[in-house]
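Structural description and commentary
The lines below spell out each chain.
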2 protein chains.
Amino acid sequence: MKFTITRSTFLKTLNDVARAISTKTTIPILTGLKIVLTDTGLVLTGSDADISIESRINIADENNDLQIDSTGEIVLPARFFSEIVKRLPEDKMTLEVKDNFQTVITSGASEFTINGLDANNYPRLPEITADEALTVPAEVLRQLINQTVIAVSNQESRPILTGVHFTIMGDQLVAVATDSHRLAQRTLTLPSASTTNYDIIIPGKSLTELSRMLSEDVEKIEIRIAENQVLFVFGQTAFYSRLLEGNYPDTSRLIPTSSNTQVEFDAPVLLASIQRASLLSHASSNNVVRLVLNIADQKATIYGNSPDVGNVEEVLTFNKLTGEDLEISFNPDYMKDALQGFGQTAIEVDFTAPLRPFTLVPTEDKEKFIQLITPVRTF
Amino acid sequence: MKFTITRSTFLKTLNDVARAISTKTTIPILTGLKIVLTDTGLVLTGSDADISIESRINIADENNDLQIDSTGEIVLPARFFSEIVKRLPEDKMTLEVKDNFQTVITSGASEFTINGLDANNYPRLPEITADEALTVPAEVLRQLINQTVIAVSNQESRPILTGVHFTIMGDQLVAVATDSHRLAQRTLTLPSASTTNYDIIIPGKSLTELSRMLSEDVEKIEIRIAENQVLFVFGQTAFYSRLLEGNYPDTSRLIPTSSNTQVEFDAPVLLASIQRASLLSHASSNNVVRLVLNIADQKATIYGNSPDVGNVEEVLTFNKLTGEDLEISFNPDYMKDALQGFGQTAIEVDFTAPLRPFTLVPTEDKEKFIQLITPVRTF
């Protein structure tokens, strides 16, 4: 195998694929990057067994300026190889595989020889034979991921909760995540209906990594679902993730259908207040803030307290306050995560009782997005 | 004590002073920030016993918009207080000390009450009675610090080597640092001669912290030296550092006076090559690169090697190569640190023999700045 390429093009693709590569893997060859060169171009692959990313550099695309001398394949130590490519002196680089998988990388007067591995020993990527591809605008998927993945559990004691539950029926996609203290649910209408119904759980880590790859120049994303894998295709990149096995708990009953107290806030204004209140709750052993809503006085006040450091009290700015008086305590970090998902919009917070979960929804399109937080008993 | 101030002004001064405050101190009150308010303005103080920083906010400076209700003093937990000031909602903030050192910070609808400490228990700053003040342009001092502090030892086994040795005679200032593997020496002509001769050792950590505070809007810096303290004054800030006690080794004999091989490089070009070579040496148990200079062929080649990963070979671009053939091995990290001190300039590297220290000097003003590196025996 031997080729010459514009270094910046190669590095960009290399960096994308390297996202999947972990140094902590138990399968040594997965610390490597697989490079396959055929007559049509280069394919780079990285994997940590859970996530696999494959990205193409086509010879047909003149921007890549790919010159092929001979085809072949090799696995190179990913971290070193990335560092080398990043620091090469010239715009062009040449890579040539010699005997015993020795690989020579040259650029200007610099010549690196690194020990490669036989690509035949690299695990095969899962084959996804699903005929049907669902198409979603990339920006919508990115938002959906960021809004739900915050509620995923990071405890391996209930592995199923470390994923986001996706159900697809017709043109309706519902994504739900819960760590049993809070829940985030986002509903989406697909551009075209799915002929198959799906019920899958995608690991939160995979989704976070995927979301980071969806830069602004990615417009749409194609989703293919198989029995234990999901494949996202965008641009020249294929992103594979394994699915979590098991049944996701029924979360539909958790969401209250009525409320006794309602407050409307601008999400960023409430977020700033919560961040201030959490400065003191973080210094306390129980990370809790208290919200007091007084209907007659039309007053909402938040309190944070740390016996060691001191306390904070802030009169909140809201748009509307209706229903019954309420005093409720909750973890401000759950509230912060939830509020960040709403961006700049106005939201409604609906309470039923001091010890019952409360919900946050956008004031418009209330059904599309809901965050639920379980309060904390402080007495 | 009670005052109102523009939050951004206060925060800037607070951040400057907070540089000296460590959470790891063994003296609990030093995790606090001391605030003293007199009729002329505010003085903030932070200290970790080695470094103390005192910064003033004058009432006379209208930009500060300082309104004094009553004078007094308090010590507040630095980390929390900084976080609070950073996150307050309005442009203005009011601070008031109540009974039992309880301190109330208000801004808009937000009110923080934090537990302060009696400022009488805060250690006094050292008194520096030195009459004489040396004045140095801030940018020159910043450069001098960055060029020498790299060679300071970070091992406490010989504490004296963790400092930079300053000798001042007349208008000549010489700063030297060595960790016994390398040495950096910078000479400076002072704008006006000192009437006293000084021989002091300033801890490297203090100098690094000082250099970080010398932003572009600091023009000149005043230095006052006492028996076991040095004081740097710039703008509204006083920076105190303790001095290291003991005799610094005589380093003048270490610097070779003649050489057998000379190469001229552009510092940034050589730096890039060294960085590439070090990619592989870092993966090896002995972090060493090899330089081979061939006079007849007018060729300079650098080699890096890691048995596990591979090797690199690069033909270096130089401006001039004279003297005798040479093959020498050295730690590339020492070379990188040294080269960074030269910035964009051309440098001369002078060698005597494969196992003798070699030097780097700028091609112009050779006497002003010298870096010395001890090679590594590889056979």
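Quick look at the structure, then.

What counts, and at which threshold
- Residues numbered from 1 in each chain as written.
- Chains lettered and ligands numbered in written order.
- Predicted model: local features only at pLDDT ≥ 70, side-chain atom pairs only at ≥ 80, totals over all residues.
- Heavy atoms only, no water.
- 1 Å grid on protein atoms, 1.4 Å probe; cavity = no way out; pocket = protein on both sides within 12 Å on 5 of 7 lines; lining within 4 Å.
- Points joined across faces, edges and corners; volume = space filled by probe spheres on them.
- Helix = DSSP H or I, 4+ residues; strand = E, 2+ residues; numbered from the N terminus.
- Nonpolar A, V, L, I, M, F, W, Y, C, P; charged D, E, K, R; others polar.
- Least-squares fit on C-alpha atoms with pLDDT ≥ 70 in both.
- Contact = heavy atoms within 4.5 Å.
- Buried < 20%, exposed > 50% of the residue type's maximum accessible area, 1.4 Å probe, protein only.
- Polar contact = N/O pair within 3.5 Å; in protein donor to acceptor, adjacent residues only side chain to side chain.
- Lys, Arg positive; Asp, Glu negative; His and termini not counted.
- Salt bridge = Lys/Arg side-chain N within 4 Å of Asp/Glu carboxyl O.

1. Thoughts on empty space enclosed by the protein
- In this structure the tally under the stated criterion is 4 cavities of 30 Å³ or more.
- Here the largest cavity defines a volume of roughly 50 Å³.
- F166(A), I168(A), L173(A), I200(A), I202(A), I223(A), I225(A), V230(A) and F232(A) are the residues that line the largest cavity.
- Put simply, the parts of the chain that give the lining of the largest cavity at least two residues each are β11 (163-169), β14 (198-203), β15 (220-225) and β16 (229-234) of chain A.
- Here the residues of the lining of the largest cavity sort into 9 nonpolar, no polar and no charged.
- What the second largest cavity holds in volume is close to 40 Å³.
- The wall of the second largest cavity is formed by F166(B), I168(B), L173(B), I200(B), I202(B), I223(B), I225(B) and F232(B).
- Elements with a minimum of two residues in the lining of the second largest cavity: β11 (163-169), β14 (198-203) and β15 (220-225) of chain B.
- Per-class residue counts for the lining of the second largest cavity are 8 nonpolar, no polar and no charged.

2. Looking at the relation of the copies chain A and chain B
- Expressed as a screw transformation, the operator carrying chain A onto chain B has a rotation angle of 180° and an axial translation of 0.0 Å, and the superposed copies differ by an RMSD of 0.0 Å. Within this description, the copies of the chain are treated as partners about a two-fold rotation axis. Relative to the rotation axis, the C-alpha of K24(A) is the closest in chain A, positioned 16 Å from it.
- When the interface residues of chain A are mapped onto chain B, 100% of them again fall at the interface, so both copies present the same face.

3. Comments concerning helix α6 (residues 332-340) of chain A
- Among the residues making up α6(A), those that are buried are P332(A), Y334(A), M335(A), K336(A), A338(A) and L339(A).
- Looking at where α6(A) begins, the residue whose side-chain oxygen comes 2.7 Å from the main-chain nitrogen of D333(A) is N331(A).

4. Points about the side chain of R7(A)
Residue and element names in this part refer to chain A.
- Topologically, R7 is positioned in helix α1 (residues 7-18).
- Summary of buried charges: R7 has no salt-bridge partner, and the nearest side chain of opposite charge, D91, is 5.0 Å away.
- Of note is the side chain of R7, whose polar atom sits 2.7 Å from the backbone oxygen of E90.
- With residues near it in sequence (within four places) discarded, R7 still touches V85, K86, R87, L88, E90, D91, K92 and M93.

5. Let's talk about the environment of A138(A)
All names here are of chain A.
- For A138, the location among the structural elements is in helix α3 (residues 138-148).
- Taking the C-alpha atoms as reference points, A138 and K205, 67 residues apart in sequence, are found 18 Å from one another.
- Residues contacting A138, with those up to four places away along its chain left out, are L214, V218, E219, K220 and I221.

6. Details of unusual backbone geometry
- For F101(A), which is not glycine, the phi torsion reads 65° and is therefore positive.
- Relative to the assigned elements, F101(A) resides in the loop between β7 (92-97) and β8 (102-107).
- At D365(B), a residue that is not glycine, the phi angle is positive and equals roughly 55°.
- Along the polypeptide, D365(B) turns up in the loop between β25 (358-362) and β26 (369-373).

None of this, on its own, says anything about what the molecule does.
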